[in-house]
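Residue-level listing of the chains:
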Amino acid sequence: MLKYLILLLLPITSLNAEEYIFDEIHVRPGFEINFQLLSNSNDFVGELSCQSFIQKLDIFDQNYVLLNENYISIKECEDLFININKCFEQNKSKCINTEDIFSKSCNCN
C-alpha cells in the first residue's frame, strides 16, 4: 500500500519544481561562509548558509517570504558554493532548479 502512495505522490512533487536564476553572490555581513544570492530581476533572493549549525539553501521572495527551503550537509554547501562561483567566473548566471539544486549546469535546461 505504501508503495502505491509513494507512486501517486511522485508526480505531485515534480509539479512544485521551480527555477531561480541568480546573477551575484555576496558574503553576508558578519559572516565568513554565509552567502546571499541575488537576481537581476529582484523577484527573489537566495541564502546559502554554510556557517550555521544547520546548513541550508533558502530562497525568499522580494518580501522575504520563504519560497523554498533545502537542508544540506556542510560538504553539499561547499559544493554548491563552488558550483555557483564557477558559473559567475564564466560570466554566466546560475540557475537553481528546486528539483535538483546540485546540478552543475549554469543553465536551467
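Bear in mind the structure is a predicted one, so any value in this text is a computation, not a measurement.

Is there a simple way to think about the sheet that holds strand β3 (residues 34–38) in this case?
Strands belonging to one sheet form pairs held by backbone hydrogen bonds; the direction of such a pair is parallel or antiparallel. An order of β2-β3-β4-β5-β6 is seen for the five strands of this open sheet, with the pairing classed as antiparallel. Strands at the two margins of the open sheet, each flanked by one partner only, are β2 (24–27) and β6 (66–72). Each strand of the sheet is rotated relative to its neighbour by a mean of 15 degrees, with strand direction disregarded. Here six bridges tie strand β5 (residues 55–61) to β6, and the two strands are oriented antiparallel to one another. Along β6, the bridge assignment pairs L57 with N70.

Is there a simple way to think about the confidence of the model for the chain in this case?
Taken over all residues, the pLDDT of the chain has a mean of 87, while the share at 70 or more is 85%. Between residues 4–14, whose pLDDT stays under 50, and residues either more than four places distant or in other chains, the model counts one contact.

Just checking my understanding: could you explain a nonpolar patch on the surface for this structure?
There is a patch of nonpolar side chains on the surface, built from F53, I54 and Y71 and spanning about 430 Å² of accessible area. Residue placement: F53 occurs in the loop between β4 (44–49) and β5. Judged by relative accessible area, F53 falls into the exposed class, the value being 82%.

I keep staring at the state of the cysteines and nothing clicks. Help me out?
What we call a disulfide is simply a covalent bond connecting the sulfur atoms of a pair of cysteines. Inspection of the entire model under this criterion finds three disulfides. With its sulfur 1.9 Å from that of its partner, C50 forms a disulfide with C77. When the S-S torsion is -90 degrees, as for the bridge of C50 with C77, the disulfide is left-handed. Separated by 27 residues along the polypeptide, C50 in the loop between β4 and β5 and C77 in helix α2 (residues 74–89) bring together distant segments of the chain. Comparing C50 with C77, the two get one shared label, buried. Paired by a disulfide, C87 and C106 hold their sulfur atoms 2.1 Å apart. Taking the torsion about the sulfur-sulfur bond, which here is approximately -100 degrees, the covalent link between C87 and C106 counts as left-handed. Placement of C87 in helix α2 and of C106 in the segment after β7 (94–97) is noted, with a sequence separation of 19 residues between them. For the pair shown, C87 and C106 are each scored as buried. Here the cysteine-cysteine linkages of the chain are recorded as 1-2, 3-5, 4-6, numbering only bonded cysteines and doing so in sequence order.

Conventions we followed
- Residues numbered from 1 in each chain as written.
- Predicted model: local features only at pLDDT ≥ 70, side-chain atom pairs only at ≥ 80, totals over all residues.
- Heavy atoms only, no water.
- Pairing = 2+ DSSP bridges.
- Helix = DSSP H or I, 4+ residues; strand = E, 2+ residues; numbered from the N terminus.
- Axes fitted to C-alpha atoms, helices over the stretch in contact; angles between N-to-C directions.
- pLDDT = per-residue confidence, 0-100.
- Contact = heavy atoms within 4.5 Å.
- Patch = residues over 30% accessible without salt bridge, like charges linked within 9 Å, V, L, I, M, F, W, Y side chains within 5 Å.
- Areas by Shrake-Rupley, 256 points an atom, 1.4 Å probe, with all protein chains shown as cover.
- Salt bridge = Lys/Arg side-chain N within 4 Å of Asp/Glu carboxyl O.
- Buried < 20%, exposed > 50% of the residue type's maximum accessible area, 1.4 Å probe, protein only.
- Disulfide = S-S within 2.5 Å.

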